[in-house]
Amino acid sequence: MSAHNADRAGSLLITVAVILLFAAVPIGIFIVSFIHNSVYLDRSHWFFDSPMSSYITMVVVFLIVPVLLIVMAIYLFKTDESKKRSINVFLASAFTLVVMAAGGYLSIDNYYYMDKNGLYYDELWKLEQTEYSWDEITAMKQINKKEGGTLTPDRVIFTYEDEKIELPLTPKLRNEIDPVIDYIENAKGIELVMENITTDEE
């Protein structure tokens, strides 16, 4: 690669890096939402959602990649053409692709949903989905936070013997969890326990 081509390639890398820096948040959110809704969501699901960690991971990937591209661009500007430089650029490019692939996969493979059989949760650092059957649930609790005189649903906790699964009561889950709670109470005999906690400063 000649010095002129190296300058052009370096400038292109910096341009792409700047675009990714500004677009990281909307692109990350869009990709996770689009893939989960078009590939993972099924009509049999009573509820499906992407944890915040899924979005954060994808956004972080799109923030790390620009940094790597800028490092590659600086390297191109400051070094002369050589076989060693070509190899280093290739290795850096391969590393960037690996980071994108690994981070993207972890992000996309991070979700949870509920159906008539139970709760299914694929955590961020786990490569396999874990199933929590409604037949094995032992307790169900809703935590409400009281702040500034206002009581707000905060999270729901499903207990399976010694293991507890806590899900934040996002607006989406609040709107869709009633059929799940009704089923567990009526079909499994596990009543929802309400617990109110106060976060007001004294």
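Per chain, residue numbering runs from 1 following the sequence as it is written. Where totals are concerned, whole chains, interfaces and linings use all residues; where local detail is concerned, this predicted model gives features only for residues with pLDDT of at least 70, and gives and counts side-chain atom pairs only at 80 or more. As a convention, hydrogens and water are excluded, and side-chain values are obtained from all of the structure's heavy atoms.

Undergrad: Before we move on, can you summarise the packing of aromatic side chains with the specific residues and values?
TA: Each Phe, Tyr or Trp ring, with Trp reduced to its six-membered ring, pairs with another whose centre is within 6.5 Å; inter-plane angles below 30 degrees give stacked pairs, above 60 give edge-to-face pairs, and intermediate values give tilted ones. For the structure on display, the rule yields 11 aromatic pairs. For the ring pair F30 and F34, a centre distance of 5.7 Å and an interplane angle of 20° mean the geometry is stacked. Placement of both F30 and F34 in helix 1 (residues 3-40) is noted, with a separation of 4 residues, approximately one turn of the helix. Relative accessibility thresholds used throughout: buried, under 20% of the residue-type maximum; exposed, over 50%; partly exposed, between the two (1.4 Å probe, protein chains only). Classification of F30 by relative accessible area gives exposed; the value is 53%. Here K172 stacks its cationic end above the ring of F47, 5.6 Å away from the centre of that ring. Only DSSP runs of H or I with at least four residues qualify as helices, and only runs of E with at least two residues qualify as strands; both kinds are numbered from the N terminus onward. Counted as over-ring charges are cases with an Arg CZ or a Lys NZ within 6 Å of the ring centre that also lie within 35 degrees of the ring normal.

Undergrad: Hey, could you go over unusual backbone geometry for me, with residue numbers and the actual values?
TA: Even without glycine at this site, E161 takes up a positive phi of about 55°. Secondary-structure assignment places E161 in the loop between strand 6 (150-160) and strand 7 (163-168).

Undergrad: Lay out the sheet that holds strand 3 (residues 118-122) with the relevant residues and their values.
TA: Strand-to-strand pairing in sheets goes through backbone hydrogen bonds, with the strands running parallel or antiparallel. Strand pairing follows a simple DSSP-based rule, namely that at least 2 bridges must link the two strands. The sheet built from 4 strands is open, its strands ordered 1-2-3-4 with antiparallel pairing. Looking along the sheet, the strands with just one partner apiece sit at the ends: strand 1 (47-49) and strand 4 (130-133). Strand-to-strand twist across the sheet, computed as the mean angle between neighbouring axes with direction ignored, equals 10°. Sheet topology places strand 3 next to strand 4; 4 bridges connect them, and they run antiparallel. When the sheet's bridge partners are listed, Y121 is paired in strand 4 with T130. Between N-to-C directions, angles span 0 to 180 degrees; the directions come from axes that are lines fitted to C-alpha atoms, helices contributing only their stretch in contact.

Undergrad: Lay out the environment of N144 with the relevant residues and their values.
TA: For N144, the location among the structural elements is in strand 5 (residues 139-147). Sequence spacing of N144 and T198 is 54 residues, and the spatial spacing of their C-alpha atoms is 8.5 Å. If we ignore the near neighbours within four places in the chain, the residues touching N144 are L151, T152, P153, D154, M194, E195, N196 and I197. Throughout this description, a polar contact denotes any pair of N or O atoms lying within 3.5 Å of each other; where both atoms belong to protein, one of them has to be capable of donating a hydrogen while the other can accept it, and for residues adjacent in sequence the pair is counted only when both atoms sit in side chains. Within the structure, N144 has its side chain in polar contact with the side chain of Q142 (distance 2.8 Å). A polar side-chain atom of N144 sits 3.0 Å from a polar atom in the side chain of N196. Whether two residues touch is decided by their heavy atoms; if any such pair falls within 4.5 Å, the residues are in contact.

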